[in-house]
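Structural features, examined
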Amino acid sequence: MKFSKLFQHTAIAATLALSAGLSHSVEAKTLHWAYQGDMMSLDPMSLNETFTLGFQGWFYETLAGYDKNLKLVPMLAEKWENPEPTKWIFHLRKGVKFHDGSPFTADDVIFSWKRSLTPGSDMKGYGAKAKDVKKIDDYTVEVTTPGPNPILPRDWTFLYIMSKTWAEKNKTTEATNVKGGESNYANMHEDGTGPFMVVDRQPDVKTTLKRFDGYWNKNMPTNVTDIVFQPITQESTRVAALISGEMDIVQPVPVQDWPRLQKEPNVRVLNEPEARAIFIGMDQHRDELLFSNVKGKNPFKDIRVREAVVRAVDTNVINKKIMRGAAKPLGTLIADKINGYDESFGKPYKPDVAKAKKLLAEAGYPNGFEVQMDCPNDRYVNDEKVCQAVASMLARVGIKIDLLAQTKSKYFAKVLLQAGNNTSMYLLGWTPSSIDADNSLVNLVSCRNPKTAAGQFNLGGYCNPKIDAITAKVESETDQVKRNALIKEAFTMLRNDYGYLPLHQQPMSWGVRKGIKVAQRADDVLDIRNVVMP
Amino acid sequence: MLNFIARRIFQSIFVMLAVGFIAFAMFRYVGDPINNLVGQDTTIAQREELKKQLGLDDPFLVQYVRFINKAAHGDFGSSYRQRRPVSELIASRMPATLELSFVSALIALFLGIPMGIYTALKRRGLLSHTFMTVSLIGISLPTFLIGILMILVFGVLLRWLPSFGRGDVVQLGWWSTGFLTKSGWLSLIMPAFTLALFQMTLIMRLVRAEMLEVMQTDFIKFARARGLPERMINFRHALKNTLVPVITITGLQLGSIIAFSIITETVFQWPGMGLLFIQSIGSVDIPVMAAYLLLIAFFFVIINLIVDLLYFAVDPRLRVQRN
């Protein structure tokens, strides 16, 4: 009797479990994904770094975001308008829910903007793009900017919207501070509006995400239901995990492993050009170079020497020999995916060794000269090898390079402005965070100005007041056609001035299991909304 | 006795301070942490502000004294990279390292000692030659190469074992253990063997050398003369005398297993303290690096202290000298 009752219960339980399983119309698809490091924090305002922000974009969202082609598309704002040069109005999407179930309204936008300005935030720069954010009604906000800002929706593509009620409830109304002390709740928990929710977080070990059933966009292509993310530091281990089938997507795979991975039947390599421009800069600021055998003057102040440097280097050869043909040779500081790019100033310079030698002789260096070049060896794709190739090409015209390649922490500690720009020549890569040319003009081309923070990454101190004047116009021109014409004018002047030696857009390098459809976004962000598993 | 212990503890504290000092002196050459803490849009003024907040613009001695003072109160600050208290971070990573080290030490002992005995007793056997050759490889190949080879064979080609990570863990209070799950055990095999290989070779060679020496001594000859069975001579008399130095070395090696697990942990993405240290170097996470180095120094100091005290207890001559 007792036994049969037990049996009965078990049978009922089993039937229930089975039907519950069947009622799930979507089959569980778990994506196993590995990257070389972990995101730094779940708090979307603690660090302005591409990988961290890209990952956070799976559970937090912004007013406007990027689609798989880096085109600006509506996200939490359905549309926006720019009625006056200093005013933007955002019309918010209705019916959006945060992961805790609370509705998304204008209050959350205002709260998030304010939070981005708190002491621990690394997004203060984005917050400062607005002077004030006002609520017109629950689904309309009005943003006043300090000056005319033609690209505010772009500037804010990584200013994530958090739930005000959730933040207040969990006492995390200020961004997680580096100085820390007690852990901030938002550092380890999230409450966004994105398509996935974090269900388990073990920093540096494993992060598990689950599809959010209440997500507003039902037309998202992805069929992924669960995600297991694990950072794998060691390159060979990462590649092994992909080949062995433990991982579905790994980022990045070493360039030298491409031929081997292409022979694997279950794996493919994606290597589209990234939106990052790699270039070499020269110290054109000091009267005497810090690290050179030329005394009493600075050869890079002479346009003939700069042209000689540019003409001596064949970036097509570097692409073929070192980047396995996957880079995109470039003649300017912005990649073709960046708003404002134009073929007229973006094509590589024509290499000409004979002319380079002649120019050097004219400038008074018939036998060339020696100069030290700084190079990171773990920051960009094949960075040290690229530097070696440039050095050997420059040697052909008599410029002898003393190459100083070191780990990125050491490299940046030497060349950045706060360290006094202790460099005579350096390799750097740049992706404008707004995916707009204006950002590169301000950071890389503008004369250094401690007051406005312009030229902060202009490590060689290139300075052309005429370009600065155009940049100022770009900053405030709201007519997009006129604006693009100004951008073109500025970059054309830079090109004719031989201000930099542009090299290429480096390739991204993802290893993906065959059968998985994934859009390789040019900012190297894995766009989960477009991942489709077999 | 008390005097001796007090003096040893005093010396230990001095060692810890010295390690902290040297570590801190080196951190100035690791790079600029600020650049890893902020994005490219952060202005110079904000970077300077952050530097000031973190006390990184203070002179090196001020930073050192502040660190030691806080550490003495059990406060190791916050990790720059993870924005969590360092003590919490290290505590969450310690079980992984200790479990790995413990299993490695056991493997090294339980394979190393029998292999040592065998190669000593059957010096010319084929198996002995094989053991000796394998041990030579174990000693001469770098750990990361052995690890990568194992991943290639057992992870990629045969697909018997997971190529990275720790598998599923079970939380027992603050301790996370991989001993209670199948994937935990499977994940443990490769890193544990990789880490054990060098120690195993060391123990095997030590046992062999000691055993050979003991076998030459008079009391073994007398034992033989008394007609004792070979088995009894080998295991009762010879082995017992062999094990004293082996235990000493094994004790001391435990410290280095924990410390050397850095490479093995990196190769296998084993989420222990060694991997944490490597990840911290990459982003110039000074609080974590400092705490880790102090902790390792602490392990060594404690192990050495225990070994010294054991000697003191075991060897009467030491006591006589003190008096």
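Above this text is the structure in question.
Below or above, wherever it landed, is the structure these notes cover. Predicted model only: the values in this text are computed from it and were never measured.

1. With respect to the state of the cysteines
All names here are of chain A. For the coordinates displayed, the defined rule picks out two disulfides over all chains. One disulfide bridge connects Cys 375 with Cys 387, the sulfur atoms lying 2.2 Å from each other. Residues Cys 375 and Cys 387 are joined by a disulfide whose S-S torsion is about 90°; by sign, that bridge is right-handed. Of this pair, Cys 375 sits in strand S15 (residues 369-376) while Cys 387 sits in helix H14 (residues 383-396), and the two are twelve residues apart along the sequence.

2. Looking at a nonpolar patch on the surface
Residue and element names in this part refer to chain B. Taken together, Ile 137, Leu 141, Phe 144, Leu 145, Leu 149, Leu 152, Val 153, Leu 157, Leu 158, Trp 160 and Ile 263 make up a surface patch of nonpolar side chains, about 980 Å² in accessible area. Top contributing element to the nonpolar patch by residue count: helix H7 (residues 143-157), with six residues. Within the secondary structure, Leu 141 is located in the loop between helix H6 (126-140) and H7. Residue class for Leu 141 comes out partly exposed when judged on its relative accessible area of 30%.

3. Considerations on the pattern of salt bridges
Residue and element names in this part refer to chain A. Using the criterion set out here, one finds 32 salt bridges over all chains in the structure. With a closest N to O distance of 2.8 Å, Arg 115 and Asp 43 form a salt bridge. Note that Arg 115 is positioned in helix H3 (residues 106-115) and Asp 43 in the loop between strand S1 (30-35) and helix H2 (50-56), a separation of 72 residues in sequence. Residue Arg 115 is classed as buried on the basis of its relative accessible area of 1%. Accessibility expressed as a relative area gives 0% for Asp 43, which makes it buried.

4. Regarding helix H15 (residues 408-415) of chain A
Along H15 of chain A, the positions that sit buried rather than exposed are Ser 409, Tyr 411, Phe 412, Lys 414 and Val 415 of chain A. On the buried face of H15 of chain A, the contacting elements are S15, strand S16 (399-406) and strand S17 (425-430) of chain A together with helix H2 (33-37) and helix H11 (273-282) of chain B.

5. What about the packing of helix H5 (residues 86-121) of chain B against H6 of chain B?
Residues and elements named next belong to chain B. Taken N-terminus to C-terminus, the directions of H5 and H6 make an angle of 130°; their axes are 9 Å apart at the nearest point. Judged on the interaxial angle alone, H6 and H5 are oblique. The crossing of H5 and H6 is left-handed. On H6, the residues touching Met 115, Tyr 118 and Thr 119 of H5 are Leu 127, Ser 128, Phe 131 and Met 132.

6. Comments concerning the nonpolar core
Judged by nonpolar contacts, the single largest core of 203 residues is most densely connected at Leu 31, Trp 156, Val 390, Met 425 and Leu 503 of chain A. No other element matches the 14 residues that helix H8 (residues 182-216) of chain B contributes to this core. Grouped together as the second largest cluster of nonpolar side chains are 36 residues, Leu 56, Ile 286, Val 288 and Ala 290 of chain B included.

7. Let's talk about the pairing of S17 of chain A
Residues and elements named next belong to chain A. Burial analysis of S17 places six of its six residues in the buried class, the great majority of the element. Neither face of S17 is left uncovered, since the one carrying Met 425, Leu 427 and Gly 429 and the one carrying Tyr 426, Leu 428 and Trp 430 both have all their residues buried. Summarising the sheet, strand S13 (residues 273-282) and S17 pair through six bridges and their orientation is antiparallel. Note that in S17 the partner of Met 282 across the bridge is Met 425.

Calculation rules
Residues numbered from 1 in each chain as written. Chains lettered and ligands numbered in written order. Predicted model: local features only at pLDDT ≥ 70, side-chain atom pairs only at ≥ 80, totals over all residues. Heavy atoms only, no water. Disulfide = S-S within 2.5 Å. Helix = DSSP H or I, 4+ residues; strand = E, 2+ residues; numbered from the N terminus. Patch = residues over 30% accessible without salt bridge, like charges linked within 9 Å, V, L, I, M, F, W, Y side chains within 5 Å. Areas by Shrake-Rupley, 256 points an atom, 1.4 Å probe, with all protein chains shown as cover. Salt bridge = Lys/Arg side-chain N within 4 Å of Asp/Glu carboxyl O. Buried < 20%, exposed > 50% of the residue type's maximum accessible area, 1.4 Å probe, protein only. Contact = heavy atoms within 4.5 Å. Axes fitted to C-alpha atoms, helices over the stretch in contact; angles between N-to-C directions. Parallel < 35°, antiparallel > 145°, perpendicular 65-115°, else oblique. Left-handed = near helix turned anticlockwise from the far one by under 90°. Core = buried A, V, L, I, M, F, W, Y, C linked by side-chain atoms within 4.5 Å. Pairing = 2+ DSSP bridges.

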